[in-house]
Amino acid sequence: PARKPLSLERTKGSEILFGVAPCWLALAQARRALFRLFLKQSSGSARPLRAEFALQAAARGVPVLHVPGRELDALCRGRPHQGVCLEAAPLPFKSLRDAEEPHLGHGQSGSRQLLWLVLEHIQDPMNLGALLRSAYFLGVDRVVASHTNSCPLTPIVSKASAGAVEVFDVYGTDDLQGFLKAKSAEGWEVVGTVSRPRDVEDVPVISCSEFRWDKPVIVVIGSEGEGLSLETQLQCQRMLAIPPGRALHPGIDSLNVSVAAGILLHSICSQKQRHGN
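Notes on the structure in this doc start here. Just so you know, these numbers come straight off a predicted model, no measurement behind them. (Residues numbered from 1 in each chain as written. Predicted model: local features only at pLDDT ≥ 70, side-chain atom pairs only at ≥ 80, totals over all residues. Heavy atoms only, no water.)

**Brief notes about the sheet that holds strand β1 (residues 15-18)**
With respect to topology, 4 strands assemble into an open sheet ordered β1-β4-β2-β3, the strand pairing being mixed. Two strands in the sheet have a free side with no partner beyond their single neighbour: β1 and β3 (64-67). In this sheet, neighbouring strand axes are inclined to one another by 25 degrees on average, regardless of whether the strands run parallel or antiparallel. Sheet topology places strand β2 (residues 34-40) next to β3; 4 bridges connect them, and they run parallel. Bridge pairing in β3 links F38 to L65. Along the sheet face, helix α2 (residues 20-29) touches β1, β2 and β4 (84-88) and points at about 45 degrees away from the line of β4. Contacts from helix α3 (residues 47-60) reach β2, β3 and β4, with the element oriented near 165 degrees to β2. (Pairing = 2+ DSSP bridges. Helix = DSSP H or I, 4+ residues; strand = E, 2+ residues; numbered from the N terminus. Axes fitted to C-alpha atoms, helices over the stretch in contact; angles between N-to-C directions. Contact = heavy atoms within 4.5 Å.)

**A look at unusual backbone geometry**
Located in the positive-phi region is A30, a residue other than glycine, with phi close to 50 degrees. Mapped onto the elements of the fold, A30 is located in the loop between α2 and β2. The phi angle at A162 is positive, at roughly 55 degrees, despite the residue not being glycine. In this fold, A162 is placed in the loop between α6 (155-160) and β8 (170-173). Since its relative accessible area comes to 27%, A162 is described here as partly exposed. (Buried < 20%, exposed > 50% of the residue type's maximum accessible area, 1.4 Å probe, protein only.)

**A short note on the sheet that holds strand β10 (residues 205-207)**
Reading across the sheet, the 8 strands line up as β5-β8-β7-β6-β11-β9-β12-β10 and stay open at both edges, with parallel pairing between neighbours. On the outer flanks of this sheet lie β5 (94-95) and β10, each paired with one strand and no other. With 3 bridges joining them, β10 and strand β12 (residues 238-241) adopt parallel strand pairing. Paired with S207 across the bridge in β12 is A241.

**Notes on the packing of aromatic side chains**
This model, assessed by the stated rule, comprises 4 aromatic pairs. Ring centres of W24 and F53 lie 5.1 Å apart, and the angle between their planes is 85 degrees; this geometry places the pair in the edge-to-face category. In this pair, W24 sits in helix α2 while F53 sits in helix α3, placing the two residues 29 residues apart along the sequence. Relative to F179, the ring of W116 lies with its centre 6.2 Å away and its plane at 0 degrees, an arrangement referred to as stacked. (Phe/Tyr/Trp six-rings, centres within 6.5 Å; stacked < 30°, edge-to-face > 60°.)

By themselves these figures say nothing about function.
What follows is the structure in structure tokens.
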């Protein structure tokens, strides 16, 4: 009977964040409305961490409930909560209309190397979270996702991103091809990604190790199963591929999308370290 009130008293439209990093960063950043913090009743080594959470929640005016572990299990449907859940409003994609556009200036495009990541139809929340974590870690300046056929910024995404989604703006667009066309006209290089260097009409494919970052660049990553749509491929000036290290068996001849993105982004970002800004 003690389990029912928690599930029945949820604020309308709220969701349950779970795990130490997502809950801590959501509390610290306060970018979304926060309703209640649930902490596992515990003794021993976990108590100092719970006390820190309680202090942070008190500073934000968020009520704290100390509950048995089974209540947390029920709240987050058995996912790995690490003794912490946070009831909060969903985090929407930000609008590109509200984005502050960087000014490239005449001949200054190389003085500030900009790198944006564009995601088309990423549907797996674990992949989306991993992509955002890598993008944040490697120094990507902005992430833009297609609204249609894409995973929203759910608590699973926040957990998979280790909370990066709580500190890193993710923008959404209804017109991905129009957005890429406009950026290309502004002088950005738009590069797509392919798992196998074939079936790309009129767009040259190069190894990621051959790519030279000498102007603001947008890297476009496609969906887990289909890759980039043909319409999006045609907006790309080049396609990047990761060369395999062996002859591959059919069926395991490509990489997980978030792993591939991490390799490609690191290949590009390492040039910034070598050449400086």
